[in-house]
Every structure is written in C-alpha cells, then in structure tokens.
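Structural features, examined
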Amino acid sequence: MKHDSLFQSFTLPASGIQLKNRVVMAPMTNSASHENGDVSDDELAYYRERSGGVGAVITAVANVTEDGIGFDGEVGVYDDRHIEGLTRLADTIHAEGAKAILQVFHAGRLAPLHLLKGGSPISASAIAHTDMEGKDLPVPREMTTEDIQRVIQAFGEATRRAIKAGFDGIEIHGANRYLIQQFFSPYTNRREDQWGGSLEKRIAFPLAVVAEVKRAVKEHAQRPFIIGYRISPEEHYEPGITIEDSLYLVDRIADESIDYIHLSTMNFFEGSIRDQNDTRLPTVRVHEKVGDRVAVIGVGSIHTPEEAARALDTGVPLIALGRQLLVEPHWVEKVQGGREGEIRQAISRQAGRETLVMPAPLWNMVTNAPGWVPVED
Ligand SMILES: Cc1cc2nc3c(=O)[nH]c(=O)nc-3n(C[C@H](O)[C@H](O)[C@H](O)COP(=O)(O)O)c2cc1C
C-alpha cells in the first residue's frame, strides 16, 4: 500500500498499549467547554468527526487547578464533577476507534486575570510575560513551597480523574510556556531554593510532576495507562531553554518508564530557532538521545502524506497532525483509502463551520488569525 509506513501499528514502550497507526491528533484548544469546565456537546461532535482515522486523539489541554486556567471555554479536570463529561469525551473518541489521551496543565503566569476571579496568576518567579505586542501581563506571584506541593498533587488528582473517566492516558503539558516550562526555563525561574537555580534544580518540578502522575497511575489504574510528556525544545529569548537543556531533561524523563515524549514545534523540518546555522532537527535530536527508552512524537506543518512519510523516515516513530485535522477531519481515512485527491487544503468560509464540525469559538479563532490556518472564501 502507498504510504504504508503511516499505517503500521505501534506498541508504546511502557504501557504496552498498541496504537493502530503512526498518526495522532495533536492537542488543540477549542474554547468550547462550558464556563464551569464541563465538556460540551459541540466539543463531542468535533472530536467524533476527527477520531475515526488516527491512532490516538490527544485532547485540548485541561487545567488541573482552578488557578491554572489558560483560556475561556477551557475543559477542566480540577474537580470530580468534571468526570461525567470527561467520560462522555473518552467514550466518544473510543466509539470511533482511537485511543483517548487527556492533555493536562497549569497555565502559571499565562492565566488570564479575568478568569482568576480576583486571584493573581502564580509562577516559579515573579516575572511578567511580555505579549506579542510588547505589553507586559500582570506580574505573577512567586509560588510558595505549599503552592508547589498543591499543584504537583493536583496533577495526581487529574490523573485519577482521567482514569476514572476511562481515558487511555494523559499527556503532561510541559510545553508552550505554561507553568511546567516556566519552572524549566532560566528566564521565568529565578528561584534559589530546591526548585530553581542550576539546570538540575530547574528540572525538579517537571520530574516531581512526572513522579506524582506515575504514583497516581499505580494507585488508581486497573489496566495499562499511557503517560506522555510534551516539551518545547527551545526558547528564542535570553536567557532561554537551549536544545542542550532539553536533551538533558528528556534523557532524565526517558529513565522514568513513561510512554512518549511529544515535541511542540511549528515545523517538524525546521532546525534550531535559537541558532539559524544549526539545521539539525530538534525532534530527531531528541529521538537520538532517548533511543528506544521512550517513543517520540513529532509535529509541525505536516500537511501531505508525503510529508508525514518523510517525517517518519527520520526514524521518529509517531507524528501528530494539528491544523491539518481542522482543515480535513478525515485526512487519515482518505490517505488510507487512496483518496488523497479529496483531501481539503483550506477551510472554506463559504462551506461554513458545520461542514467541518467545528465549535464556533474555534472557528472564529482560526478564521480570524490570518496565516495560521489556510482559509479561503
Ligand atoms: C487551534 C489550536 C489550538 C492549540 N492548542 C493546543 C493545546 O491545547 N495544547 C498544546 O500542547 N498545543 C496546542 N496547539 C499546538 C498544536 O498541538 C501543534 O503543536 C501545532 O499546531 C503545530 O502542529 P500543526 O502544524 O500540525 O498544526 C494548538 C494549535 C492550534 C492550531
């Protein structure tokens, strides 16, 4: 079969869970959950439409504490009352044949003030985020030791809820500048206690979260359960995370018997964002570092089956598709069925969001951000 490499099954190294093929749905926030964090029917329809071909669906990120919220309409996993809706979400994904993985995080200093109900954002250190327009967000409160323990435990509680809801696994979101990355980054972590300072101390929080999630799985899971960890391999600012820092972190995580490390890059085929002369692919470097100890998922601007096959040809075992599954929910089925000619290349405003089964907030977000996702009238 053409593009055969995409459709080979893959067994995750720690849980032994088998994915039916090499393509997973990348986590994408859809901003369509209810205000209290409950899953909405619109979201279920959106996932149902996209769960038929991929080996696994990684959900939109869910916040593990109330003060860890990052977006309006975010799905919550911070309270037992969320379990019911999360169960419907896992069931919906399973009914279409994919494994269901819940992505979890704390937004840290990126929690918007209007969602914090009067509270202040928290982070490793009291360093404000500067947004794309050069404007500073509010200065976060530096977390106390008690805050740190509370948030670590919340990742364990989120894991328990994901297990109860019937998910096959969780992905710890250590990427995209949220709290876990804020501890790892020398820019946002200026602490001088056990949680910051040297590289070794900057990885203490990420590793403590991994340990707590593993503990929760051991205590609550009656069957194998996937644990993944997402990283942004570099930060472009100074002082920022370097690829060497990340290789050190993934090496340590690979010794923790988890299933996969998922890179967060905007273009799989692009070299370092810190050093234009370094054309080595960060995802491939991570894969070389961890070997077979842990699987690697690569992502970023993969649109065609040829690009997907080329990414897998590097030896990286799994790839994720994000925007392409917004544009073409049935990408995998069409490639597998030899119907490549039918793959949509852009979101059509005229065809409307119902054709693509997209919740209104997500539709508005992607159709109003030129250059992010291809859109035609
Ligand atoms: C609408 C949208 C929402 C996203 N939300 C998340 C998210 O919740 N968690 C996350 O780790 N990445 C998120 N991402 C990043 C994607 O997972 C992915 O890494 C990125 O889009 C690059 O892959 P692509 O070129 O296949 O889209 C989001 C991307 C998009 C387009």
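Residues numbered from 1 in each chain as written. Predicted model: local features only at pLDDT ≥ 70, side-chain atom pairs only at ≥ 80, totals over all residues. Heavy atoms only, no water.

Under an unreviewed UniProt entry, the name given to the chain is NADH-dependent flavin oxidoreductase, and the organism recorded is Paenibacillus zeirhizosphaerae.

You can see Gly85 is positioned in helix α2 (residues 83-95). With a relative accessible area of 7%, Gly85 lands in the buried category. Sequence separation between Gly85 and Glu376 is 291 residues, and the spatial gap between their C-alpha atoms is 34 Å. (Helix = DSSP H or I, 4+ residues; strand = E, 2+ residues; numbered from the N terminus. Buried < 20%, exposed > 50% of the residue type's maximum accessible area, 1.4 Å probe, protein only.)

Our next topic: helix α3 (residues 145-164). The terminal C-alpha atoms of α3 lie 29 Å apart, and with 20 residues this matches the ideal 28 Å at 1.5 Å per residue to within 8%. Of the residues trailing α3, Gly166 is marked for its positive phi of about 95°. (Expected span 1.5 Å × (residues − 1).)

For strand β9 (residues 169-174), the tally of buried residues reaches 6 of 6 residues, placing the bulk of the element in the interior. Burial along β9 is two-sided: the residues Gly169, Glu171 and His173 and Ile170, Ile172 and Gly174 are all buried. Bridge analysis of strand β6 (residues 99-105) against β9 gives 4 bridges, and the strand direction is parallel. Opposite Ile101, over in β9, you have Gly169 as the bridge partner. The pairing of β9 with strand β10 (residues 226-231) spans 6 bridges and is classified as parallel. Bridge pairing in β10 links Ile172 to Tyr229. (Pairing = 2+ DSSP bridges.)

Once that is clear, we can look at the site of the ligand. Around the ligand, the structure places 19 residues, and the nearest of them are Pro27, Thr29, Arg230, Ser301 and Arg323. Ser301 is positioned such that a nitrogen or oxygen atom in its backbone is 2.7 Å from an oxygen atom of the ligand. Considered on its own, the ligand offers 610 Å² of accessible surface; in the complex 93% of this is hidden by protein. When the residues that make up the shell around the ligand are grouped by side-chain class, the tally is 9 nonpolar, 8 polar and 2 charged. (Near = heavy atom within 4 Å. Polar contact = N/O pair within 3.5 Å; in protein donor to acceptor, adjacent residues only side chain to side chain. Areas by Shrake-Rupley, 256 points an atom, 1.4 Å probe, with all protein chains shown as cover. Nonpolar A, V, L, I, M, F, W, Y, C, P; charged D, E, K, R; others polar.)

As a further point, take the packing of aromatic side chains. Scanning the entire structure with this criterion turns up 7 aromatic pairs. The interplanar angle of 70° and the centroid separation of 5.0 Å between the aromatic rings of Phe268 and Phe269 together place this pair among those described as edge-to-face. In textbook terms, an aromatic cluster arises when at least three aromatic residues are bridged by ring pairs, as seen for Phe71, Phe105 and Tyr178. When the ring centre of Tyr187 is taken as origin, the NZ or CZ atom of Arg190, which lies over that ring, is 5.3 Å away. (Phe/Tyr/Trp six-rings, centres within 6.5 Å; stacked < 30°, edge-to-face > 60°. Lys NZ or Arg CZ within 6 Å of the ring centre and 35° of its normal.)

Moving on, we come to the packing of helix α7 (residues 243-254) against helix α8 (residues 282-290). For the pair α7 and α8, interaxial distance at closest approach is 9 Å and the crossing angle is 40°. Accordingly, the angle class assigned to the pair α7 and α8 is oblique. Between α7 and α8 lies a crossing of right-handed hand. In this structure, α7 uses Ile243, Glu244, Leu247, Val250, Asp251 and Ala254 to contact α8, whose residues at the interface are Pro282, Arg285, Val286, Lys289 and Val290. Classifying every residue of the contact of α7 with α8 gives 7 nonpolar, no polar and 4 charged. (Axes fitted to C-alpha atoms, helices over the stretch in contact; angles between N-to-C directions. Parallel < 35°, antiparallel > 145°, perpendicular 65-115°, else oblique. Left-handed = near helix turned anticlockwise from the far one by under 90°. Contact = heavy atoms within 4.5 Å.)

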